[in-house]
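Structural description and commentary
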Amino acid sequence: MGNLISKKIRGFRDILPDESQKFLHIENLINNVMPLYDIEQVRLPALESANLFQRSIGETSDIVTKEMYSFDDRNGETLCMIPEGTASCLRLALENNLIYDRGPKKKRLYYISPMFRHERPQKGRYRQFTQLGVEFYGDESIHDDIDLLLLTSNLFHKLDLNDINLHLNTIGSTDDREKYSIKLIEYFHKYEKTLSDVQKKTLSKNPMRLLDTKDPLLQEIVSSAPIITDFINKNSYKNFDLILNQLNDLGIPFIHDSRLVRGLDYYNDLVFEWKTSKLGSQDAVCAGGRYNNLSSIIGDTCIPAVGFAMGIDRMVELFQYNSSRINIGFADISDKHSSISLIIKDLRELDCNFNLKIMDRNKSLTKQIKQADKEQCELLLIVGEDEISNNMFTIKHLRNDEKDRKITFSEVKDIILGHST
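This report concerns the structure included in the present document. None of the values given here were measured: they were computed from a predicted structure. (Residues numbered from 1 in each chain as written. Predicted model: local features only at pLDDT ≥ 70, side-chain atom pairs only at ≥ 80, totals over all residues. Heavy atoms only, no water.)

Looking at the packing of helix α1 (residues 17-33) against helix α5 (residues 143-158)
Formally: Working convention: axes come from line fits to C-alpha atoms, limited for helices to the stretch in contact. Angles between N-to-C directions cover 0 to 180 degrees. Note on conventions: DSSP H or I runs of at least 4 residues are helices, E runs of at least 2 residues are strands, and numbering of each starts at the N terminus. Note that the term roughly parallel is reserved for angles under 35 degrees, roughly antiparallel for angles over 145, roughly perpendicular for angles of 65 to 115, and oblique for everything else. Note on convention: the crossing is left-handed when the near helix lies turned anticlockwise from the far helix by less than a right angle, right-handed when the turn is clockwise. A contact between two residues is defined here by any heavy atoms of the two lying within 4.5 Å.
Running from amino to carboxyl end, α1 crosses α5 at an angle of 135 degrees, the nearest separation of the two axes being 11 Å. The angle between α1 and α5 places the two elements in the oblique class. Where α1 crosses over α5, the two elements pack in a sense that is right-handed. Contact residues: α1 offers L29, I30 and V33, while α5 offers L151, N154, L155 and K158.

This is how it looks when you write it as C-alpha cells:
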C-alpha cells in the first residue's frame, strides 16, 4: 500500500504472526526453564535516567556517545530508552532492597525486555531488539559462573540449536586490566598512522575495545597484539581453571579464546560468548561474564554478580519452529445463531492445544470446506440443524481419507489430542 501517512522507521521492524509465534515459543520455554534454576522474573522500565548508563557503561563508550536514544523531559532531566539491561536490572535490585540488607543477599533475576540503540541496521541487528537478561547476585564463588553456563547450554539444547559454540576467557582483576591496557596502548601506538580518529580516541580511553573491532584492517593488527592471559593474577587463573575443569566434567564443550575480552570497565574474571557461524558478522547470540565492580558504581556498595544477555531476535533467526498446535475449522450451516455462539464458546474452553478457525457462515458448506482446506485445517467440525438437535458434530478429516462421521462434544477433545501427538 503506497498511500500510508507513515511507514516504519529505519532500523525498526514489524514482527508478523509467523515470526511472532517463534518469539512466543522461545519466551515460553525460557519462562518454564528459569524456575529450575531458582530465577525470578522482573520487568524493566523502558525509560531510565541517562546518568545510569553514563556512569555504568562509561561516558566515552559508543553506546552512550552514539547509540542511546536520549532526550530531556519537561522536568529538565535527561532520560533514555534503555540500551542494555544489566545496569537497569542492578538499579532495580538495589533500589528495591532485593540484594542488600546489612550485607549482600543472594538473588537470581531475569528479564525479557525491548532495548533500543541507534546502530547501523543489518541482519541480526535492529534499533529495537529483544533481550533475555539473567543476573545472579551475591555469590563470589565460581558456583554461579558454572550454573549460568549450564543454564545457557540447557536453553540452546531445548531449542535444538547445535551450531553454537561457547568461547570463554578470564580478564582478571581491575589491576590486571590496567597493566594490560598500558601494553595495548604501547602496541597500537606503533600503528597509529593506520588508526582512524575514532579508533585513536578509543585507544586513549579504553584500548581493550579495539580488540572487538569489525574493521578488517585493524583485525590484522589485533591478531598480533599482546593477550590478556599474560597479565592475569594467580587467583583469577586458579578460578578459571576450576571453571574449565567443571565444564569438562559436565560435558559442556568450550573454546578457551585468549583474545576474548569485555570493553566495559566493570567486568572482571570470567567472560564468555556463545557464537554461531550462521549469522554473518553478528556471530554472538549470547554474551556475559562476571561484574563484581558494577554495584560500587551504581550503588556505592560491593555486591558480586555474574550474568548474560541473549539476543532473542537472533535466536528467532536460528530457530526452526514447527507448531504443535493443529488448526480446527468450524463450519456453521444452521440458522440458530445463539446456539452456535454457545457451541463455539464451549469449544474455546477446551483444555487442549489447537487453533479454532471459524469459517465464513455466509458461504455454502462446499465453500466453507474449501476455506478450511486453504487455511490448513486438519479437521472441520460441521454443525447444522440436525447436529444441534442431537448435540452432535459432523467431523470431516481434511488431511486423510477417513469418512465423515458424527461425534459428541465429549469426543472432540480426545480427537484433537490424538491429532496433536
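Section: the sheet that holds strand β5 (residues 107-116)
What counts is decided by this rule: Any two strands between which DSSP finds at least two bridges are classified as paired.
One open sheet accounts for 8 strands, arranged β1-β5-β6-β11-β10-β9-β7-β8; its pairing is mixed. Of all the strands in the sheet, the pair left with one neighbour each is β1 (40-41) and β8 (255-256). Alignment of β5 against strand β6 (residues 128-137), held across 10 bridges, turns out to be antiparallel. Looking at the pairing, F116 lines up with Q128 of β6.

With respect to the packing of aromatic side chains
As a reminder of what qualifies: The aromatic pairing rule takes the rings of Phe, Tyr and Trp, using the six-membered ring of Trp, and pairs them if the centres are within 6.5 Å, calling planes under 30 degrees apart stacked, those over 60 edge-to-face and the rest tilted. To sort residues, take the accessible area from a 1.4 Å probe on protein chains only and compare it with the maximum for the residue type: under 20% means buried, over 50% means exposed, and anything in between is partly exposed.
On inspection of all chains with the given rule, the structure shows 10 aromatic pairs. Relative to F188, the ring of Y187 lies with its centre 5.3 Å away and its plane at 75 degrees, an arrangement referred to as edge-to-face. An angle of 55 degrees between the planes, with centres 5.3 Å apart, marks the rings of Y187 and Y191 as tilted. Under the relative-accessibility criterion, Y187 is labelled buried at 7%.

Some details on the nonpolar core
Selection rule: By nonpolar core is meant a set of buried Ala, Val, Leu, Ile, Met, Phe, Trp, Tyr and Cys residues that side-chain atoms within 4.5 Å join together.
By size, the foremost hydrophobic cluster in this structure holds 50 residues, and its most contacted members are L44, F53, Y137 and F188. It is helix α4 (residues 86-95) that provides the largest number of residues to this core, a total of 6 residues. Leaving out residues up to four positions away in the same chain, F188 has contacts with L195, L203, L210, L211, L218, I221 and V222. One finds I142, I146, L149 and I252 within the second-largest nonpolar core, a separate group that totals 43 residues.

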